[in-house]
Amino acid sequence: MTVQDIELPILRMPYPVRVNPYLPALREEAETWAREMGMLAGDEAGSRRAIWSRSQFHAMAVDQLTAWTLPDASLAGLRLNHRFNLWALAWDDYFASAFKQTGNLAAAQVFTARLHGFLPQEPGARLPEPVNAVERGMADLQQRLFPPRLAHWRQGLNRALARYIDAGVQELANSLAGRVPDLIEYAQFRRESFAAYTAPYSVELATGARIPERIRHSRTVCALLDAFMDYMGLANDIASYQREVHDEYDVNNLVVVLETSLDITVQEAMHAAADLVTARLRHFEHLSQSELPPLVRQVGLNHGERIELEAWLGGARGFLSGLHAWYTGAPRYAPTGGPIPEQRTARITVP
């Protein structure tokens with residue numbers, strides 16, 4: 001069965017997509033920043049090897065991704081998140097071309113070890129001198145991501161980024177060995193390889209709200225965050241199946257994991273993947289609607305804490321609906337050499 005013969009399922013999304021009104025302000029500024037970092041081809045990049053051509057850059061529609069996932073963010077918060085999204089995709093595409101396509105695991109390990117030097121745990125730490133676009137972008141972000149009001153982010157966010165880049169090395173090792181991850185193992189691993197652990201911070205930046213400390217580490221909230229993060233990465237595996245499996249020969253994809261673990265066809269695995277993604281979204285809904293309210297009453301959250309929790313949950317719902325819209329509508333996930341088929345156009349269903 002060729003990739004063109006595979007029917008891509010339409011994933012359920014109960015939350016309506018909204019667009020941040022500052023979307024137009026992102027486009028020109030983002031292109032300038034990407035050129036300055038050496039990610040985007042152009043005169044400003046000099047002799048640096050760029051990661052993207054201008055057409056590739058615009059096909060990713062990262063400005064739409066940012067504006068869809070963070071519809072209520074301020075312009076400053078949106079700009080910061082947008083640069084972060086660009087960096088994450090730059091890392092992904094650079095790693096794929098430099099190491100996955102060449103199979104150079106040793107070079108990938110050296111690259112990743114250097115990148116850890118750009119993720120300090122302490123403020124004011126001296127960073128290495130960047131030598132490529134990925135390092136340059138992260139060095140720039142480190143100067144912007146941790147103003148005083150977000151000081152509590154530093155350890156958590158940089159730890160999440162470290163897990164993200166380390167997962168790239170493990171993905172490459174799996175692919176080189178032909179080792180398809182175990183299904184149970186993969187769910188946890190995908191949170192790391194998708195940088196899903198960074199998403200709660202983006203929601204916090206966009207909404208200005210944090211999950212109250214008194215319930216942050218409860219079983220209910222931990223399960224809710226797991227379901228929130230699982231939807232992101234596992235839904236991406238469906239949208240990016242052609243790109244990852246057929247173009248990059250990657251074995252780290254939910255459809256491949258299900259196909260191998262359950263000994264079923266690709267088409268059956270695709271629908272099983274969609275069922276699993278839907279189940280994680282339903283669990284997120286169940287926890288937020290049925291298990292969080294009694295926890296809030298039991299702990300005795302005050303009015304301000306309840307408002308903050310609701311604001312964060314609203315931001316998380318918007319984040320998921322924005323990702324869904326991007327997965328189903330962005331040219332980055334369109335089949336190579338042809339238009340986006342009908343089943344990939346964005347569909348937002350409201351029950």
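Calculation notes
Residues numbered from 1 in each chain as written. Predicted model: local features only at pLDDT ≥ 70, side-chain atom pairs only at ≥ 80, totals over all residues. Heavy atoms only, no water. Salt bridge = Lys/Arg side-chain N within 4 Å of Asp/Glu carboxyl O. Helix = DSSP H or I, 4+ residues; strand = E, 2+ residues; numbered from the N terminus. Buried < 20%, exposed > 50% of the residue type's maximum accessible area, 1.4 Å probe, protein only. Expected span 1.5 Å × (residues − 1). Bend = angle between axes of the 7 residues up to and from the residue. Polar contact = N/O pair within 3.5 Å; in protein donor to acceptor, adjacent residues only side chain to side chain. Core = buried A, V, L, I, M, F, W, Y, C linked by side-chain atoms within 4.5 Å. Contact = heavy atoms within 4.5 Å. Phe/Tyr/Trp six-rings, centres within 6.5 Å; stacked < 30°, edge-to-face > 60°.

K.L.:
In this structure, what is going on with the pattern of salt bridges? I would like to understand it.
P.N.:
When the charged atoms of two side chains lie near each other, side chains of opposite charge can form a pair. Applying the stated criterion across every chain, the model contains 23 salt bridges. A salt bridge links Glu 29 to Arg 79; its shortest N-O distance comes to 2.9 Å. Placement of the pair is Glu 29 in helix 1 (residues 23-37) and Arg 79 in helix 4 (residues 75-100), with a sequence separation of 50 residues. With a relative accessible area of 22%, Glu 29 lands in the partly exposed category. Here Asp 230 makes a salt bridge to Arg 280, at a shortest N to O gap of 2.9 Å. Residue Asp 230 is located in helix 11 (residues 219-239), and its partner Arg 280 is located in helix 14 (residues 266-299); the two are separated by 50 residues in the primary sequence. Grouping residues by exposure puts Asp 230 and Arg 280 together as buried.

K.L.:
Explanation requested: helix 1 in the structure shown.
P.N.:
In an α-helix, one full turn covers 3.6 residues, which means residues spaced three or four apart are oriented alike. Across its 15 residues, helix 1 extends 21 Å between first and last C-alpha, which sits within 8% of the 21 Å expected from 1.5 Å per residue. Along helix 1, the sharpest kink reaches roughly 25°, centred on Glu 29. Buried within helix 1 are the following residues: Leu 23, Leu 26, Ala 30, Glu 31, Trp 33, Ala 34, Arg 35 and Met 37. In the stretch just after helix 1, Gly 38 is the one whose phi turns positive, near 90°.

K.L.:
Mind showing me how you'd approach helix 15 (residues 303-329) here?
P.N.:
Counted at 1.5 Å a residue, the expected span for helix 15 with its 27 residues is 39 Å, and the 39 Å between its end C-alpha atoms agrees. The N-terminus of helix 15 is capped by Asn 302, whose side-chain oxygen sits 3.1 Å from the backbone nitrogen of Gly 304.

K.L.:
Help me out: how do you make sense of the nonpolar core in this one?
P.N.:
Where a protein is soluble and globular, its nonpolar side chains tend to be buried together. Ranked by internal contacts, the top residues of the largest apolar core, which has 115 residues, are Met 39, Trp 52, Trp 87, Trp 91, Phe 228, Met 232 and Trp 312. Contacts of Met 39, omitting those with residues within four sequence positions, involve Trp 33, Ala 34, Ala 50, Ile 51, Trp 52, Leu 86, Trp 87, Ala 90, Ala 133 and Gly 137.

K.L.:
Could you clarify how one ought to interpret the packing of aromatic side chains in this entry?
P.N.:
When we look at a pair of aromatic rings, we describe it by the centre distance and by the angle of the planes. Taken as a whole, this structure holds 14 aromatic pairs when the rule is applied. Centre to centre, the rings of Trp 52 and Phe 57 are 5.9 Å apart; their planes meet at 50°, and the pair counts as tilted. Phe 57 matches Trp 52 in its accessibility class, with the two residues each being buried. Between Phe 228 and Trp 312, the aromatic rings sit 5.8 Å apart at their centres with planes inclined by 65°, giving edge-to-face as the arrangement. Note that Phe 228 is positioned in helix 11 and Trp 312 in helix 15, a separation of 84 residues in sequence. Residue classification places Phe 228 among the buried positions, given a relative accessible area of 0%. Trp 312 sits in the buried class, given a relative accessible area of 2%. Put simply, the rings of Trp 87, Trp 91, Tyr 94, Phe 95, Phe 99, Phe 111 and Tyr 164 touch in pairs and so form one group of aromatic residues.

It is worth stressing that arrangement in space is one thing and function is another; only the former is reported here.
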